[in-house]
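Chains, contacts and geometry: an overview
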Amino acid sequence: MRTVWRVLLVLGLVIVLALGGVALYGAHVVRASFPQTAGEVSVDGVAAPVTVIRNDLGIPDVYADSLEDLFFAQGYVHAQDRFWEMDVRRHITAGRLSEMFGESQVTTDAFLRTLGWRAIAEEEVSLLSPRSRRILDSYSAGVNAYLGDHGGDQLSLEYAVLGLQNPDYRPEPWVPADSVSWLKALAWDLRSNMDDEVYRAIMSGSVGVEETEKLFPPYPFAQHRPIVEGGAVVDGVFRQDVPGTADAAAASASPVARRALLDVAQVSTLLDTWLGPTGPDVGSNSWVVSGEKTITGKPLLANDPHLAPNMPSLWYQAGLHCRAQTDDCNYDVSGWTMSGLPGVFIGHNDAIAWGFTNLGPDVTDLVLEQVKGDAYVVDGTEVPMTVRTEVIDVAGGDPVTITVRETQDGPVISDVAGIDTYTAIGDVTPVPAPGAVATREEPPPRADGYAVALRWTALEPGRTFEAIDALNTARNWDEFRDAAALLSAPAQNLIYADRDGSIGYQAPGVIPIRDGYDGKWPIPGWDSRYRWRGTIPFPALPSVQNPTEGWIVTANQAVIGPEYPFFITDDWAYGARSQRIVDLIEEATANGSVIDANRMRSMQMDSVLDLAVFLAPKLAALPTADDTAQAVALLDGWDFTQGSDSAAAAFFNAVWRQMVARMFDAAADTDLIQADGGDRYWQVVKDIWDQPDDFWWDDKTVDGTQGRDETLQLAMSAAVAELSDRLGDDPAAWRWGALHTLLLQNQTLGDSGIGPIEAIFNRGPVETAGGDSTVDATGWQPFDGYEVNWVPSMRQVVDLSDLDASTWVNLTGASGHAFDAHYADQVDSWVAGRQYPWTFTRAGVEANGVDVLTLTPATP
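Residues numbered from 1 in each chain as written. Predicted model: local features only at pLDDT ≥ 70, side-chain atom pairs only at ≥ 80, totals over all residues. Heavy atoms only, no water.

**Focus: the packing of helix H20 (residues 610-621) against helix H23 (residues 679-688)**
In a packed pair of helices, the relevant descriptors are the angle between the two axes and the axis-to-axis distance. Stated formally: Each axis is a line fitted through C-alpha atoms, taken for helices only over the stretch in contact, and angles between the N-to-C directions span 0 to 180 degrees. For the purposes of this entry, the term helix denotes a DSSP run of H or I that reaches at least four residues, the term strand denotes a run of E that reaches at least two, and both are numbered from the N terminus. Any angle that is under 35 degrees is reported as roughly parallel, and any over 145 degrees as roughly antiparallel; angles of 65 to 115 degrees are reported as roughly perpendicular and all others as oblique. Handedness of a crossing is defined here by the sense of rotation of the near helix relative to the far one, left-handed for an anticlockwise turn of less than a right angle and right-handed for a clockwise turn. We call two residues contacting when some pair of their heavy atoms lies within 4.5 Å. Under the scheme applied here, ten amino acids are nonpolar (Ala, Val, Leu, Ile, Met, Phe, Trp, Tyr, Cys and Pro), four are charged (Asp, Glu, Lys and Arg), and all others, including Gly, are polar.
With their axes 10 Å apart at the nearest point, H20 and H23 run at an angle of 30° to one another. The angle between the axes of H20 and H23 places the two elements in the roughly parallel class. In the crossing of H20 with H23, the sense of the turn from one axis to the other is left-handed. Packed against H20, whose contacting residues are Asp-610, Leu-611 and Phe-614, the element H23 presents Trp-682, Val-685 and Lys-686 at the interface. Along the lines of polarity and charge, the residues of the contact of H20 with H23 split into 4 nonpolar, no polar and 2 charged.

If you want it as structure tokens, here you go:
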């Protein structure tokens, strides 16, 4: 895509210059998309006037008399500020990017058409309640009302640039499936351990199963506590007040494969491993503290979801308010919305607050299929595949026809041309899966490799959209749990607080039950014993209300201990972030002390690196060479924080990058997999520390076999050479922020390769503190360098004693229009850890209002 844009945008810039200069052209085109935010607009579709009050950050609060008018206005406002983003998103989920951007996106579209998100979303819309349909229809009408009066560069500057390549492109009207399909993209982004399953399969082809399983050690329950401690399933219902032992009735009734984590020896007997986290790029932090431990006497709730950085941010802040509360129009909510999706995803209403982190259940299986033509084999019988054709329209090119094949397990993703990863899985995956029941017969000949199908809960229609409405309008714990029961995919850890003083946690989602295997390796589809046996009943999922500790922490760690009778996953994050938050809360509330909102906000910026606590003193104790002595001295007295000015953090992270490349990445025979360097690998290093000749200590980039100390010395020497080249010869002058930068890049035009175009749409790079698997999770991956590639996408602290005292900050700003005042006006505060007042009451909103827009019914 970079090449296509480079050619076309250079041509476009030449044309612009010939017409009179970039400045004059920009003055016309850039401002054309800025929306009207004050005064009156007459629109078809509202029954009564709707008021939109924007504050000095451009954040809108919407006030309406009916449910239809409220969501009409939300659709209208989203389109005003973010329609380009909405349009691109629906083309992603429908597999139609080629219609906008040409042949460079055909492979992406082919993969998305194979998954079939759009068709599933359309089916889901038909299953929704009448109320949900009214919300979606009203929202769509609001979007289309804006589209009816605006087009081309009036919608967004990106359309002016797109017109240079694709002058015939016109946005289609918005429909409900455009909204619902975005939930499939979220579910894909948060799909748990699928990447780990891929990693295992391909790495085992290089180093064997035994060494691969060392890279997925057991979760350290003794050091890092799970979200829920104790509790048991009794008569099919999770009970937090019952000691944590497996329920005999549940055990006999459920065919799930149960595995107890007793100790390392017992685990080794079963599988020799318990497996680790998904990528830290899908991590998040949330915690809630009860009023008995806060200065106000009411709960405080913090949340910061970790996602890939975008320009603009994924999130759009807004409030939705019915002027008079009725049974039908019962919205009085504020928080984090996503353009294209009605309602508030995370936030609070006038009674409760909630936050999300990724639960990370294993909801996918990669299924190896024995294929014979357009049939596949199950228990010795050939079964016809479901086969369909899809036509991908291509801007500036001829349509491309693809064939999509599906088995009873799901779409055959290895059929997609141009994606080698899934083909490689079929070539090298061990059969049967390690630790699983043996197949009934000898595996069929691999020949040119097995086909690979995707079994995934999100490929079954669900009612997740209805969960958003139910969360937005819940008044208490019971109604909150009723809403959680509707959330099928993506499954999220839900934390809760209310103004009456209660706090709680609920695990939701459709989580499959497996029998005889655990889902960590690709499985043989030709044996019907590898089928799911239903899903975990919602009442049996872990839940806790008002725990004795007085707080709840979720940060992608294990949800519950090994005594829980159902298998959720073994691929948790390893708890470095979550345990650090626990420690900070216990420190702040020790000896009867109480915590306040300022302390909650400062905790969100904590950058202590757990790996450094373990490893830095050991590095400092090694014999040092002349070229590393000054750098190693930086570790003496280091407090293990990662401020942007820290020389020690720069050196330590450079050493870790070298270790990951030399110990782990170089072990694979292919570059299809690479280690993310997160806290799973930290645990590997801790586990093998006392085995200095373990296979994984070897530096596989050099000849011979190295032990632990030699590899560490080589890594330190290489780190010094790298940083001296990049930052100068004086280690004391090295700065972590000079390496750890964040580029806020436009999703489509920000990587064009044309400097002036990138300067229009991108912001940064900016220096950041924090790092991977720390509370201030500005993540980076060693194979990519030190640049930030996942972030706390927003931060919030909700004060249940006074909702107007709550605070929030977005990664970028409310507007999606380059050069708008609110395009990037929250970036500096986000970097510095500051948050803005989050007014909620009508009086507070009006007092802070800057612009007032009224949508009035069009006169006949």
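Let us keep going from here.
**Thoughts on the state of the cysteines**
Put simply, the rule is: We call a pair of cysteine sulfur atoms a disulfide whenever their separation is within 2.5 Å. Only protein chains enter the area calculation, which uses a 1.4 Å probe; residues under 20% of their type maximum are buried, those over 50% are exposed, and those in between are partly exposed.
Applying the stated criterion across every chain yields a total of 1 disulfide. Cys-322 shares a disulfide with Cys-329; S-S distance 2.0 Å. Where Cys-322 bonds to Cys-329 through sulfur, the torsion about that S-S bond is close to -90°, and the disulfide is left-handed. For Cys-329, a relative accessible area of 2% gives the class buried.

**Here's the deal with the environment of Asp-178**
Tracing the chain through its elements places Asp-178 in helix H9 (residues 176-180). The class for Asp-178 is buried, based on a relative accessible area of 7%. Asp-178 sits 31 residues away from Val-209 along the chain, and the two C-alpha atoms are 43 Å apart. The residues touching Asp-178, leaving out its near neighbours within four places in the chain, are Arg-90, Arg-118 and Pro-173.

**Describing the confidence of the model for the protein chain**
The condition that has to hold: What pLDDT reports is the predictor's confidence in each residue, on a scale of 0 through 100.
With 90% of its residues at a pLDDT of 70 or more, the protein chain shows a mean pLDDT of 90. Residue range residues 245-278 is modelled with pLDDT below 50. Its contacts to residues more than four positions away, or to other chains, number 92 contacts.

**Let's talk about the sheet that holds strand E18 (residues 410-411)**
Sheets are built from strands paired through backbone hydrogen bonds, the pairs being either parallel or antiparallel. Which entries qualify depends on this criterion: Any two strands between which DSSP finds at least two bridges are classified as paired.
Read from one edge of the open sheet, 3 strands run E16-E17-E18, paired in antiparallel fashion. With partners counted over all chains shown, the strands left at the sheet margins are strand E16 (386-392) and E18, one partner each. Looking at chain direction, strand E17 (residues 400-407) and E18 are connected through 2 bridges and run antiparallel. Counterpart to Glu-406 in the pairing with E18 is Pro-411. Sheet strands touched by helix H5 (residues 106-115): E16, E17 and E18. Its angle to E16, the strand with the most contacts, is close to 145°.

**Regarding H23**
Summarising burial for H23: 8 of the 10 residues are buried, a large majority. Along H23, the residues classified as buried are Asp-679, Arg-680, Tyr-681, Trp-682, Gln-683, Val-684, Val-685 and Ile-688. Buried positions along H23 lie against helix H11 (194-207), helix H12 (209-214), helix H18 (576-588), H20 and helix H22 (647-664).

**Observations regarding helix H7 (residues 130-149)**
Selection rule: How far a helix is expected to stretch is found by multiplying one less than its residue total by 1.5 Å.
Compared with the 28 Å implied by 1.5 Å per residue over 20 residues, the 29 Å span of H7 between its first and last C-alpha is a close match. Here H7 has its buried residues at Arg-131, Ser-132, Ile-135, Leu-136, Ser-138, Tyr-139, Ser-140, Gly-142, Val-143, Ala-145, Tyr-146 and Leu-147. In this structure, the buried residues of H7 make contact with helix H3 (67-94), H9, strand E10 (341-349) and helix H16 (464-473).

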